[in-house]
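Residue-level listing of the chains:
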Amino acid sequence: MPPDGPSAPDSGALITTAVEGSVATVTLNRPSRRNALDREMLVSLRKVLAALRLDRRLRVVVLTGAGGSFCSGVDISFEGRRTFYQHPQQTERLYQEHGQDVVRALQSLPQATIAAVNGPAVGWGTCLATCCDFRVVADRAFFRIPEIGYGMYYDVGCLYGLLALVGPAQAKRMTMLGEDIDASEALRIGLADRAVSMESLLEEVSGFACALVRRD
């Protein structure tokens, strides 16, 4: 990515960025794995967010996923977890280091942020959505936090954003039961700002972004 701002989309990149006017759309681009996050993808996302922070042209950043998913969370396949291992550091330590960097970078962007949740947002997918200022959710999308069922814990940095949106009772329900929260339920409990049809998602997000730009 050049130093003077985001690049045009690169279909081969794990994270693509497209800019239209003062709005940048960042796309998680690993549809074959439902945009699951391995170490390389987390590092790429961190670098993209760092570049966006310095671009004074931008007023809004939209985060979405390629294909039919927003993000299926951390890649827990053997190959995916292997990418986090670099001797002598353990897998979990490297995941936490890169993951916390992404959380801080997304939460502290000077631009307004919108998660365009076009499909399942699982585990860290929910985290990325709750790190954004707003969430527009397609009717086919859902949120799920399955970590406890895998003997894992939901990242503390992710938990703060969830608690701020839905409160302790709903956060416990989501983290302890791992239930799917569909678009209408997400809207009811405060996890979504708008729930729309999949067909109108891009138009709705574009209008939302334009409204934010006008208010800037």
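Our subject is the structure listed above.
Residues numbered from 1 in each chain as written. Predicted model: local features only at pLDDT ≥ 70, side-chain atom pairs only at ≥ 80, totals over all residues. Heavy atoms only, no water.

Caption draft 1: Representation of the overall build of the protein in the model. Summing up its helical and strand segments, the protein has seven helices and nine strands in all. In the protein, buried positions account for 53% of the 216 residues. Counted over contacts in the protein with a minimum sequence separation of 6, partners at least 24 positions apart contribute 67%. Only carbon and sulfur atoms are counted for the fraction: they give 53% of the accessible area of the protein, which is about 10,500 Å². (Helix = DSSP H or I, 4+ residues; strand = E, 2+ residues; numbered from the N terminus. Buried < 20%, exposed > 50% of the residue type's maximum accessible area, 1.4 Å probe, protein only. Contact = heavy atoms within 4.5 Å. Areas by Shrake-Rupley, 256 points an atom, 1.4 Å probe, with all protein chains shown as cover.)

Caption draft 2: Spotlight on the packing of aromatic side chains. Tallying each qualifying case throughout the model produces one aromatic pair. Judged by centre distance (4.9 Å) and plane angle (50 degrees), the ring pair of Phe 134 and Phe 208 falls under tilted. Note that Phe 134 is positioned in strand E6 (residues 134–138) and Phe 208 in helix H7 (residues 201–215), a separation of 74 residues in sequence. A relative accessible area of 24% means that Phe 134 is categorised as partly exposed. One cation-aromatic arrangement involves Arg 194 over Phe 208; the distance from NZ or CZ to the ring centre is 4.1 Å. (Phe/Tyr/Trp six-rings, centres within 6.5 Å; stacked < 30°, edge-to-face > 60°. Lys NZ or Arg CZ within 6 Å of the ring centre and 35° of its normal.)

Caption draft 3: Seen up close, the state of the cysteines. Scanning all chains against the criterion turns up one disulfide. Two residues, Cys 127 and Cys 158, share a disulfide whose sulfurs are 2.1 Å apart. On the sign convention where negative means left-handed, the S-S torsion of about -80 degrees between Cys 127 and Cys 158 marks this disulfide as left-handed. Here Cys 127, found in helix H4 (residues 124–131), pairs with Cys 158, found in helix H5 (residues 156–177); they are 31 residues apart in sequence, far enough to count as distant. Both residues of the pair, Cys 127 and Cys 158, belong to the buried class. (Disulfide = S-S within 2.5 Å.)

Caption draft 4: Spatial organisation of the nonpolar core. Among the nonpolar cores identified, the biggest contains 48 residues, and Leu 52, Phe 70, Val 117, Trp 124, Leu 128, Phe 143 and Leu 191 are the most heavily contacted of them. At the level of elements, strand E2 (23–28), helix H1 (39–53), strand E3 (60–65), helix H3 (91–107), strand E4 (112–117), H4, H5 and helix H6 (183–189) are the ones that each hand at least two residues to this core. The greatest single-element share of this core, amounting to six residues, is contributed by H1. (Core = buried A, V, L, I, M, F, W, Y, C linked by side-chain atoms within 4.5 Å.)

Caption draft 5: Representation of the pattern of salt bridges. Counted under the stated rule, the structure contains 10 salt bridges. For Asp 101, the salt bridge is made with Arg 46, and the minimal N-O distance between the two is 3.0 Å. Here the residue Asp 101 occupies a position in helix H3, and Arg 46 occupies one in helix H1, the gap between them amounting to 55 residues. Across the pair Glu 204 and Arg 194 runs a salt bridge whose closest N-O atoms are separated by 2.8 Å. Taken together, the residues span a long stretch of sequence, with Glu 204 in helix H7 and Arg 194 in strand E9 (residues 194–196) at a distance of 10 residues. In this structure Glu 204 comes out as partly exposed when scored by relative accessible area, which is 26%. Here Arg 194 falls in the partly exposed class, since its relative accessible area comes to 33%. Residues joined by salt bridges that share partners form a network here, namely Arg 173, Glu 179, Glu 185 and Arg 188. (Salt bridge = Lys/Arg side-chain N within 4 Å of Asp/Glu carboxyl O.)

Caption draft 6: Inspection of H4 at higher detail. Buried residues dominate H4, accounting for eight of its eight residues. All of the buried residues in H4 are Trp 124, Gly 125, Thr 126, Cys 127, Leu 128, Ala 129, Thr 130 and Cys 131.

Caption draft 7: Looking closely at the sheet that holds strand E7 (residues 142–144). Within the open sheet, the three strands sit side by side as E5-E7-E8. Their pairing is mixed. The sheet terminates laterally at strand E5 (121–122) and strand E8 (181–182), the two strands that pair on one side only. As paired strands, E7 and E8 are joined by two bridges and run antiparallel to one another. By the bridge assignment, Phe 142 is partnered in E8 with Asp 182. (Pairing = 2+ DSSP bridges.)

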